[in-house]
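Survey of secondary and tertiary structure
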Amino acid sequence: MYLVLHLQPLFMKKKINIIGAGVSGLCAGCYLQMNGFEVQIFEKHSIPGGLCTSWKKGEYTVDGSIHWVLGSDDKDGFFDMWNEIIDVKSIPFHNHDIRLSLEVKKHANKYGSKTFVMYTNLDKLRDYMLDLSPEDAKTIHSFIHDIRLLQQFRVPPLMDKLPFFQSMIRGIKMMRYLRFLLIIMRQTRISNMQFAKKFKSPFLREVFETLFDHDEVKMLVFNFPMASFDQKSAGYPIGGSLKWAERIADKFESLGGVIHYNTPVKKIMTENNEVKALLVRNDVIHPCDIVLSAADWYKTVFEYLDGKYVDEKIINLKDEKSFEIYYSILLVTFGLKKDYKEQPHFSRFPIEQDLVSPCGKTWDRLETHFYHYDPTLAPEGKTVMACSFYTQNGKYWIDLRKNDRKKYRAVKQQFIDDLIERLSMKYPDIKDQIEMVDFATPATVLRYTNNWQGSAQGWLPNDNVIASTPVKFKLPDLKNFYYASHWSRPGGGIPVAINMARDVSKIICKEHGVAFKTSQQGKQMG
C-alpha cells in the first residue's frame, strides 16, 4: 500500500485546463497532449478559432481573419512550428502575384497612372520600380536589399531541434542570429514616411507615404511579410480562417484532448495562491493541476482572477501607459452576384467624399478585398468582397449595442449605405450586384471572443516594434498558472499565437519534469 501511494503520482497524468479554443489555446493543447498531459479546453463559443474565424451568411462565407499564413511553405521558419501540429504540405494555399494595388491622389507615374502595383515577386517589383523611376535606382535597390536580408534567416529559429551535444553548432547559429537582430534593429529605425523622402520620383514618394493610409509605420512591418511573399511562404489557406482553426482543433482531439464548447469560464479558482480549478457556466467546477489561459488578457487577469495577482507593470499595461490596445475593426462584407475577377484582390484608393463613422473616425480612402481567389466562400460566378476600417474607439460600438440596440442597428445601416455610395464611384455596378451584407463591429468581436474593447489583435507595437510587453507567461505569486496568447507580443496575429503556445508548453514541461517533444519527431527537444 505504501508503494502504491507513493508511486501513483509518477504515473498519473497532470490535468491541465486551458481557457480559450483560439489558435494559442488549440496549439498549446496539442503540444501538451503530445507530452503526456491530460488537457481540456473550455471555449465560450460553439466553434474553435477565437478571432481566427469565419461564418456563414446565406450562401456566402464571411472571413474575419486570415489574409496570409507565415510558414505556408518550408522556406519560412514558422513552417516548422505549424508542421509539428498539422501537415502543412497537404493544405491548398493561394499565393498572390500582387500584394496590393495602391492608388494615390496627387501624382501619376510616367505612364499617366496613379496606381502602384506592389508585386510579391521581388525581382519583378524591382524591375517595375526601376522602369517607373530609373533615377531612384539606389533607393530601389536598397529597398529590395533590406527585404532580401530578412530571407537569410529562418524566423523564428527552432534552436531546440538541435541535440544537446551539438552545443558548438547551437552557438554558431545563435551568433548568426545576432546579425539578424542587428538587421532588425536597423529596419525598425526607419519608417515609411522617412523612407519616402529618399525617392526623387513624386509618384513613388507618395506611394510610400500612403503605404499605411498616411500612418507612419516602421518599414520592418512591411518588409517582413514581403520577404515571405517572395518565397511563396505566406500563402492564403483555401477555405479561410475557420477551416484553419478546425484543422488544429481536429489534431488536438485526435491526440486525446477534449474541447468543451459553449462553456464560458466564470472564475479561476485558487487556494493559498495556487490554482485549483475552473468555475464555468452553471457553476460547474472542473478541478485541475494547472491552468493555462489563452483567453483575453484583461478578462483573465482582472475578472477571472479578480485582479489579485498583479504588479505595477501589469497595472500600467491595463491603463495603456506602456502599450496601447490594437485597433478595433469595422468589417463590412458583401456577397456579390458576379466574381469581379478583373479586379485586383486587394486595393486601396482615395475617395472624393470622406466616410465618417459615428465613433469619431473619418476615412478619406477605402480598402477593398475581393475573395475571388477562394472558390469555397461563394457560389460559382459570385464572390465575397470585404472592406475593413480601423478605429481606436471600439468602446463606442460596444456601449451603443449594450445601451440602445435599435440605434445600434440604425447606425450600422447608415454606415453601410454611405459606404455603398462611395464604392459605387469606384465600381459603378456594385450596388446592383449586392445580395448579402454583413457588418461586424467591435461589439461583435467582444461578444464572441471577449477580446478587450473589441480589439482585432492585442497590443499596438510602439516605436520599438520588436519590444516585448509586460505580459509574461506567469503572474506574480500565483502557482501552477500560465498565460499565453496573441496579447503576449505586440502586433499579435496567428504567428504570435503559435509561437507563444509552443514557448509556454516548453516551460510547463520543464517545470513539471517532462522532456519537451512533438509527436511528429518523437524525440526530446532541448
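Residues numbered from 1 in each chain as written. Predicted model: local features only at pLDDT ≥ 70, side-chain atom pairs only at ≥ 80, totals over all residues. Heavy atoms only, no water.

**Describing the overall build of the protein**
A count of helical and extended segments in the protein gives 17 helices and 19 strands. Relative to the compact-globule value of 24 Å for 526 residues, the protein shows a C-alpha radius of gyration of 24 Å, a close match. Referenced to the eigenvectors of the C-alpha coordinate spread, the extents of the protein come out at roughly 90 × 65 × 50 Å. Per-residue burial for the protein yields a buried fraction of 54% across its 526 residues. For the protein, contacts bridging at least 24 residues in sequence account for 70% of all contacts bridging at least 6. (Helix = DSSP H or I, 4+ residues; strand = E, 2+ residues; numbered from the N terminus. Rg over C-alpha atoms; globule rule 2.2 N^0.38 Å. Buried < 20%, exposed > 50% of the residue type's maximum accessible area, 1.4 Å probe, protein only. Contact = heavy atoms within 4.5 Å.)

**Details of empty space enclosed by the protein**
Space left empty within the atom packing is revealed by a probe, the size of a water molecule, rolled over the atoms. Under the counting rule described, the total for this entry stands at 2 cavities of 30 Å³ or more. Around the largest cavity sit Lys75, Asp76, Gly77, Leu150, Gln151, Phe153, Arg154, Val155, Phe224, Ala227, Ser228 and Gln231, which together line it. With 3 residues, the top contributor of residues to the lining of the largest cavity is helix 9 (residues 219-230). For the lining of the largest cavity, the per-class residue count stands at 5 nonpolar, 4 polar and 3 charged. Put simply, the second largest cavity is a space of about 50 Å³. Around the second largest cavity, the lining residues are His94, Asn95, His96, Thr120, Phe229, Ala234, Gly235 and Tyr236. When grouped by side-chain class, the residues that make up the lining of the second largest cavity number 3 nonpolar, 5 polar and no charged. (1 Å grid on protein atoms, 1.4 Å probe; cavity = no way out; pocket = protein on both sides within 12 Å on 5 of 7 lines; lining within 4 Å. Points joined across faces, edges and corners; volume = space filled by probe spheres on them. Nonpolar A, V, L, I, M, F, W, Y, C, P; charged D, E, K, R; others polar.)

**Quick word on the environment of Ser468**
Locating Ser468 in the fold gives a position in the loop between helix 16 (442-449) and strand 19 (481-483). Spatially, the C-alpha atom of Ser468 lies 10.0 Å from that of Phe323, the residues being 145 residues apart in sequence. Not counting residues up to four positions away in its chain, the partners in contact with Ser468 are Phe323 and Pro490.

**Regarding the sheet that holds strand 13 (residues 290-293)**
Strands sit in the order 9-2-1-13-19 across an open sheet of 5 strands; the sheet is parallel. Edge strands, defined here as strands with exactly one partner in the open sheet, are strand 9 (258-260) and strand 19. Mean inter-strand twist for the sheet, computed between neighbouring axes without regard to direction, equals 20°. With 3 bridges connecting them, strand 2 (residues 38-42) and strand 9 associate as parallel partners. For Phe42, the partnering residue across the bridge sits in strand 9 and is His260. The strands touched by helix 17 (residues 494-511) are strand 1 (15-19), strand 13 and strand 19; relative to strand 19, the strand with the most contacts, the crossing angle is about 160°. (Pairing = 2+ DSSP bridges. Axes fitted to C-alpha atoms, helices over the stretch in contact; angles between N-to-C directions.)

**Section: the packing of aromatic side chains**
Centre distance and the angle of the planes are the two values used to describe a pair of aromatic rings. Counting across every chain of the model gives 37 aromatic pairs. A ring pair is formed by Trp397 and Phe439, whose centres lie 5.8 Å apart and whose planes are at 65°; its orientation type is edge-to-face. Here Trp397 is found in helix 13 (residues 394-403), whereas its partner Phe439 is found in strand 18 (residues 434-440), with 42 residues between them in sequence. Among the aromatic residues, those joined into a cluster by ring pairs are Trp363, Phe389, Tyr396, Trp397, Tyr408, Phe415 and Phe439. The aromatic ring of Phe302 is capped on one face by Lys318, whose charged end is 5.7 Å from the ring centroid. (Phe/Tyr/Trp six-rings, centres within 6.5 Å; stacked < 30°, edge-to-face > 60°. Lys NZ or Arg CZ within 6 Å of the ring centre and 35° of its normal.)

**Describing the pairing of strand 14 (residues 328-336)**
Across the 9 residues that make up strand 14, a large majority, 8, are buried. Bridge analysis of strand 14 against strand 17 (residues 383-391) gives 9 bridges, and the strand direction is antiparallel. Note that in strand 17 the partner of Thr333 across the bridge is Ala386. As paired elements, strand 14 and strand 18 share 6 bridges and run antiparallel to each other. The residue of strand 18 that forms the bridge with Gly335 is Met436.

**Notes on a positive patch on the surface**
Residues Arg405, Lys406, Arg409 and Arg447 make up a contiguous surface patch of positive charge. Looking at the element boundaries, Lys406 is found in helix 14 (residues 405-426). (Patch = residues over 30% accessible without salt bridge, like charges linked within 9 Å, V, L, I, M, F, W, Y side chains within 5 Å. Areas by Shrake-Rupley, 256 points an atom, 1.4 Å probe, with all protein chains shown as cover. Salt bridge = Lys/Arg side-chain N within 4 Å of Asp/Glu carboxyl O. Lys, Arg positive; Asp, Glu negative; His and termini not counted. Charge placed at Lys NZ, Arg CZ, Asp CG, Glu CD.)

**Notes on the pattern of salt bridges**
Counted under the stated rule, the structure contains 24 salt bridges. In this structure, Lys110 and Asp131 form a salt bridge, with 3.5 Å as the shortest nitrogen-oxygen distance. Separated by 21 residues along the polypeptide, Lys110 in the loop between strand 6 (98-103) and strand 7 (115-119) and Asp131 in helix 4 (residues 122-132) bring together distant segments of the chain. We classify Lys110 as exposed; its relative accessible area is 51%.

**As for the confidence of the model for the protein**
Atomic detail in the predicted coordinates should be set aside for any region of low pLDDT. Taken as a whole, the protein shows an average pLDDT of 91; of its residues, 92% reach a score of 70 or greater. Counting contacts from residues 161-172, a segment whose pLDDT is below 50, to residues more than four positions away or on other chains yields 11 contacts. Overall, residues 521-526 carries pLDDT values under 50, and its contacts beyond four positions in sequence, including any with other chains, amount to 17 contacts. (pLDDT = per-residue confidence, 0-100.)

**Section: the side chain of Ser133**
Topologically, Ser133 is positioned in the loop between helix 4 and helix 5 (137-150). Within polar-contact distance, the side chain of Ser133 engages the side chain of Asp136 at 2.6 Å. Every residue in contact with Ser133, bar those within four places of it in the chain, is listed here: Ile140, Ser201 and Leu204. (Polar contact = N/O pair within 3.5 Å; in protein donor to acceptor, adjacent residues only side chain to side chain.)

**Details of the packing of helix 13 against helix 16**
Look at helix 13 against helix 16: their axes get within 7 Å of each other, and the N-to-C directions meet at 75°. What the angle tells us is that helix 13 and helix 16 run roughly perpendicular. Only Pro442, Ala443, Leu446 and Arg447 of helix 16 make contact with helix 13, whose side of the interface consists of Gly394, Trp397, Ile398 and Arg401. Of the residues belonging to the contact of helix 13 with helix 16, the class tally is 5 nonpolar, 1 polar and 2 charged. (Parallel < 35°, antiparallel > 145°, perpendicular 65-115°, else oblique.)

**Some remarks on helix 3 (residues 78-85)**
Within helix 3, 7 of the 8 residues are buried, which leaves the element mostly enclosed by the surrounding structure. Among the residues of helix 3, those classed as buried are Phe78, Phe79, Asp80, Met81, Trp82, Glu84 and Ile85.

**A closer look at the nonpolar core**
Counting residues in each nonpolar core, the largest one holds 102 residues, and the members touching the most others are Trp82, Leu125 and Trp244. Beyond its immediate stretch of four places on either side in the chain, Trp244 contacts Cys52, Ile66, Val69, Trp82, Ile86, Ile91, Phe93, Pro237 and Ile494. Membership of the second largest hydrophobic core comes to 30 residues, among which are Phe334, Tyr340, Leu355 and Phe389. (Core = buried A, V, L, I, M, F, W, Y, C linked by side-chain atoms within 4.5 Å.)

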